[in-house]
Amino acid sequence: MIRASLLLALLIQCSMAIEWKHSAVLDNNFLVLWTPGENDVTFEVQVKTPGYVGFGFTREDGSEGVDMVIGWVDNNGQVHLQDRHVKGANRDPQMDSSQDYHLQSGYENKTHTVLRFNRRYDTCDPRDLKITNDTLQVVWQYHVDEPASAAGVLPADGAVRGTRPLYLVQRDVQPRRVANQGTNARNIEPEPVLHVWDLFNAQVRLPMDQDTLLQCRVFSLPKIVRKHHVVRYEPVIQPGSQEYLHHMTLYECRGEEAKLIEAKRTNGTACSPTDWLHAQCNTIAATWSLGSEGFNYPAEAGYALDPRNGPRFYMFETHYSNPQLDAFVTDSSGLRLLYTDKLRTHDAGVLSVGIDPNWRHIIPPGQPEVISEGHCIARCTEDTVPDNGVNVFAVIMHTHQLGKKIRLRQIRDGKELPPIAADASYDPSYQEYRRLQRPAKVLPGDHLIAECTYSSQTRQTITLGGLSTKEETCLVSALYYPRIDLSLCYSLPALPTVLHSLGIDKLEGPSPLKIISPPELKGMTLEERLVTYDWQTNFQNFADATRTGTFKPLCSSTKGTILPETSLESHYPRILWPYQEPKVPCTRKPQRNKLSMLLDGEIGGVDSDESNAVERGQLVRNKVSRSSDSSSAASSIRSASSTALVLTLVAVALR
C-alpha cells in the first residue's frame, strides 16, 4: 500500500506544470519551450499537425550530423518517441541504438501534437550532440501523416523542415506572462507599471550607391522628474527591413547641449565614428544586433534614467547593410525601452571590450583560423572597479561575417580564470544576449581579453577592421552592476607591431605611405604590400609577430575622456597559469530501479535491439499539465485514460 501511495504521489508530482524558462517560435506551426536543469534540459514541442514531429540539433558546419528526436501519437492514443540521427546526405533520420530522449508526456487533439521530453546535456552517445553554452543550430520537421507502425518508417515526401541558430542554456529569460489569473493570482506580486520610450528612425532612405549606411538621430530624455529604471528593451522592426538592419545602438551623450538640441530638431543624418556627434555620445545604453529579441534586466538591476545626475540626450545609431544595392528602401525601425519608477537595487552599466575598428586589425585571407584579441588592461580596471568588484550578468558578442568563435577571457594575478563567456560555434547571423548562469565577478586589476576567431577561407584578399560588414570587428558588450565610470576598454595593435608583422622596417609619407626599408621593398606602398604579401607562406610569422608585439590600449570613461596612464603601449599579459578546460569523463546513466523506469515510461528493461528500443520511453496520459498557453487545451484528445494508467502502474509496482 505504501508503495502504491508513493507511486501515485510521484505520478502527480511529475504531471505538475513546469514553469518554462525559454520559448521560441520555429515557424508558424512549431513552438518549442524548454527549461535547463542541473544535468539535463526538459523540452516541450507544440506542433500544429496530426502527424509526426521532429526536433534536434546540429553544428553550423554540419560536421557532426544531426541529433534528432521523432515523436507522434498513433490512432490508439499510444505516444511514440524515438532517438534518431542524420548522417551525411541522408535526410531520413535513422534510429539510435541508445535511446537517450525520455518521454514525460504527450497527447494529440484535433489540431496539435504535443510532446514533452528531456535529455541529459551529455548523453555519452557519440551520435548525440552535447548541449553546451555554444550556439546550436536547432533543426525541426513535421508531417501531416504519422509513421505506419512503431518501426518508425517516416512518410517519404511532404515533410516541412527548417533550421535556426539558438542558445539553449545561456539565454535571456523572457518575462513570464500569466494568461489566466485564478485563485492563486493574489499570491503573485503585481508587476510594476511600465512606461514606454520609443526611439525610432524617421523614414530613412538607404542610398543606392553604397552598401553601408550609419544613421544617427538625437533624442532627449523622457519627461520624468525623478530617477527611473529601464527593465527591458526590444526591437521594433518595420516589416521588410529585417534584412537591411545590422545593429542598432543607443548611446549616452554628454557635451555641448546647444549642438545636441540643434541635432535633436532634425530627423537624423548620416554619421561616422569620427564625427563630433560620436565624440560626445560614446557610452552604450542599449544595443541590438542580428537575431536578438531584446533584453530583460535581472530583478536586482536596471538601466538608470536620471534627469538630475544622468545624461539628458541620447544618440540612436543604426547600421544598415544593403550589399545588393536594392533601390527605394526606406526604414523606420527602432528600439522600445520599458521603464518604471519602482527602482531596483543596482544601476546597471555596459562595458565594451574589444578591438578598436581600424585598418591595423588585419585578417589574412585563406586561413581556417585567424585569432584576434582586444585587451582591457589591468591598469584600466584598477582605476575604475571598486574593491568588491562588479558583477557581469550578461554579454552580447559581435563580429561581422567571418566570426566563428568568441571568448571573453579573464586574467587575475597571472592566473587565467574560466572564460566569462564563450561560444565555440558562433553564428554572425545570431547575436542574441547571453544571460550568464551566475554573475561573473570582475575585480580591480583584472585583465580582460575579447578573443575572436575568424575563418577567412572564403576570402582571396585581406580583411581589415572597420564598420562595414565586409570589414571585421571584435567586440563583447558586458552588462554588469553596480555601474562604474568606464565605458569602453579597447586595444589596437601598435603600428610598429603591424609593420613588423608585414616585414616592414620603416615607412615615409604623407599618403600614400611608402616603404623605405628593407631595401627589397623600397618604393612599394603600404597598400601594395598588404595586397601582394604572401600570406600563405608568412601567416605564422604574422601571427607570432602580432601576439608578441605591443598594442595601444584605449580606456574611456562614461564622459568620453581617456583615463590617465592607460594609453601607453602594452604587451600581452604574462599568464603563469593558463586556463585548461576541465575534462570530465563521460559516464553512462546509472542503472535505474523499476519504479524510476516506470516513471520514465520504460516498461521493461533496457533493450539494445533497435526494433525493440523504439518502444521504450512511452507514457500515455489524458492531458499534459503545462504552464504555457495553448489554444488546443479545450479540444478533444486522443489518449488513454490517466486513471487507467495510474491503476496499471500501481498494479505493476506492487508485483
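These numbers come from a predicted model, not from an experiment. (Residues numbered from 1 in each chain as written. Predicted model: local features only at pLDDT ≥ 70, side-chain atom pairs only at ≥ 80, totals over all residues. Heavy atoms only, no water.)

**Quick look at the overall build of the protein chain**
Line of reasoning, step 1. A count of helices and strands for the protein chain gives ten helices and 39 strands.
Line of reasoning, step 2. Each of the 655 residues in the protein chain was classed as buried or not, and the buried ones make up 53%.
Line of reasoning, step 3. Of all intrachain contacts in the protein chain linking residues separated by at least 6 positions in sequence, the fraction that spans at least 24 positions is 76%. (Helix = DSSP H or I, 4+ residues; strand = E, 2+ residues; numbered from the N terminus. Buried < 20%, exposed > 50% of the residue type's maximum accessible area, 1.4 Å probe, protein only. Contact = heavy atoms within 4.5 Å.)

**Some points on the nonpolar core**
Line of reasoning, step 1. Counting residues in each nonpolar core, the largest one holds 52 residues, and the members touching the most others are Val353, Cys380, Val392, Val395, Ile420, Leu502 and Ile504.
Line of reasoning, step 2. Here Ile504 is in contact with Leu499, Ile515, Ser517, Pro518, Leu521, Leu526 and Arg529, once residues within four sequence places are set aside.
Line of reasoning, step 3. The next biggest cluster of nonpolar side chains, apart from the first, holds 50 residues, and it includes Val218, Ala263, Ala285 and Tyr320. (Core = buried A, V, L, I, M, F, W, Y, C linked by side-chain atoms within 4.5 Å.)

**Considering the pattern of salt bridges**
Line of reasoning, step 1. In this structure the tally under the stated criterion is 22 salt bridges.
Line of reasoning, step 2. Several salt bridges share partner residues, and in doing so they unite Glu373, Arg407, Arg409, Glu416, Glu451 and Arg547 into one network. (Salt bridge = Lys/Arg side-chain N within 4 Å of Asp/Glu carboxyl O.)

**Focus: the state of the cysteines**
Line of reasoning, step 1. Tallied over the entire structure, the rule returns five disulfides.
Line of reasoning, step 2. One disulfide in the model links Cys253 with Cys281; its S-S distance is 2.0 Å. Across the S-S bond linking Cys253 and Cys281, the dihedral sits near 105 degrees, which makes this disulfide right-handed. Separated by 28 residues along the polypeptide, Cys253 in strand β16 (residues 245-253) and Cys281 in strand β18 (residues 281-289) bring together distant segments of the chain. Both residues of the pair, Cys253 and Cys281, count as buried. (Disulfide = S-S within 2.5 Å.)

**A few points about the side chain of Glu451**
Line of reasoning, step 1. Here Glu451 is to be found in strand β32 (residues 447-454).
Line of reasoning, step 2. Engagement of the side chain of Glu451 in a polar contact is seen with the side chain of Arg409, the distance being 3.0 Å.
Line of reasoning, step 3. Non-local contacts of Glu451, meaning those with residues more than four positions away in its chain, are made with Ile371, Ser372, Glu373, Lys405, Ile406, Arg407, Arg409 and Cys474. (Polar contact = N/O pair within 3.5 Å; in protein donor to acceptor, adjacent residues only side chain to side chain.)

**Section: the pairing of strand β5 (residues 66-73)**
Line of reasoning, step 1. Burial analysis of β5 places eight of its eight residues in the buried class, which makes it a mostly covered element.
Line of reasoning, step 2. Where burial is concerned, the two faces of β5 agree: the one with Val66, Met68, Ile70 and Trp72 and the one with Asp67, Val69, Gly71 and Val73 are both buried.
Line of reasoning, step 3. Where strand β4 (residues 53-58) lies against β5, six bridges are found, and the strand directions are antiparallel. Bridge pairing in β5 links Val53 to Gly71.
Line of reasoning, step 4. As defined by bridge partners, β5 adjoins strand β6 (residues 79-86) across eight bridges and the pair is classed as antiparallel. Note on β6: the bridge partner recorded for Val69 is Asp83.
Line of reasoning, step 5. A loop of five residues connects β5 with β6, the two strands running antiparallel in sequence, and Gly77 in this loop sits at a positive phi of about 85 degrees. (Pairing = 2+ DSSP bridges.)

**Remarks on unusual backbone geometry**
Line of reasoning, step 1. With an omega of 0 degrees, the peptide bond running from Ser511 to Pro512 counts as cis.
Line of reasoning, step 2. Looking at the secondary structure, you find Pro512 in the loop between β36 (506-508) and β37 (514-517).
Line of reasoning, step 3. A cis amide bond links Ser517 to the next residue, Pro518, at an omega of 10 degrees.
Line of reasoning, step 4. Secondary-structure assignment places Pro518 in the loop between β37 and α6 (526-532).
Line of reasoning, step 5. Located in the positive-phi region is Cys124, a residue other than glycine, with phi close to 70 degrees.
Line of reasoning, step 6. Along the polypeptide, Cys124 turns up in the loop between β9 (113-120) and β10 (136-142).

**A few points about the confidence of the model for the protein chain**
Segments scoring low in pLDDT should not have their predicted coordinates read at a detailed level.
Line of reasoning, step 1. Across the protein chain, the average pLDDT comes to 84, with 83% of residues at 70 or higher.
Line of reasoning, step 2. When pLDDT is averaged over each helix and strand of the protein chain, the minimum, 31, is found for helix α9 (residues 610-613) and the maximum, 98, for β32.
Line of reasoning, step 3. pLDDT under 50 marks residues 1-15. Its contacts with residues more than four places away, or in other chains, come to 22 contacts.
Line of reasoning, step 4. For residues 176-188, every residue scores under 50 in pLDDT, and the model assigns this stretch four contacts once sequence neighbours within four places are set aside. (pLDDT = per-residue confidence, 0-100.)

**What about the sheet that holds strand β35 (residues 488-493)?**
Line of reasoning, step 1. Taking strand neighbours across the sheet as the criterion, the seven strands line up as β31-β28-β34-β25-β35-β38-β39 in an open arrangement whose pairing is mixed. A single partner strand is all that each edge strand has here, and the edge strands are β31 (434-442) and β39 (570-571).
Line of reasoning, step 2. Here strand β28 (residues 390-398) pairs with strand β34 (residues 475-481) via seven bridges, running antiparallel. When the sheet's bridge partners are listed, Asn391 is paired in β34 with Tyr481.

**Digging into the sheet that holds β6**
Line of reasoning, step 1. Strand order in the open sheet formed by six strands is β7-β6-β5-β4-β10-β11, and the pairing between neighbours is antiparallel. In this open sheet, the two edge strands, each paired with only one partner strand, are β7 (94-95) and β11 (160-166).

**Some thoughts on helix α7 (residues 535-548)**
Line of reasoning, step 1. With 14 residues, α7 should reach 20 Å at 1.5 Å per residue; the first-to-last C-alpha distance of 18 Å fits that figure.
Line of reasoning, step 2. The largest bend in α7 comes to about 30 degrees, at Asn541.
Line of reasoning, step 3. Trp535, Asn538, Phe539, Phe542 and Ala545 are the residues of α7 that are buried.
Line of reasoning, step 4. Buried-residue contacts for α7 involve β26 (362-363), β27 (370-376), α5 (495-501) and α6. (Expected span 1.5 Å × (residues − 1). Bend = angle between axes of the 7 residues up to and from the residue.)

**Observations concerning the packing of aromatic side chains**
Line of reasoning, step 1. Evaluated as defined, the whole model comprises 21 aromatic pairs.
Line of reasoning, step 2. Note on Tyr233 and Tyr297: the rings are 6.4 Å apart at their centroids and 65 degrees apart in plane angle, and the pair reads as edge-to-face. One end of the pair, Tyr233, is in strand β15 (residues 228-236); the other, Tyr297, is in the loop between β19 (295-296) and β20 (301-305), with 64 residues separating them in the sequence.
Line of reasoning, step 3. Residue Tyr233 is classed as buried on the basis of its relative accessible area, which comes to 2%.
Line of reasoning, step 4. By way of ring pairs, the aromatic residues Tyr233, Phe295, Tyr297, Phe393, Tyr433 and Tyr481 are connected into one cluster. (Phe/Tyr/Trp six-rings, centres within 6.5 Å; stacked < 30°, edge-to-face > 60°.)

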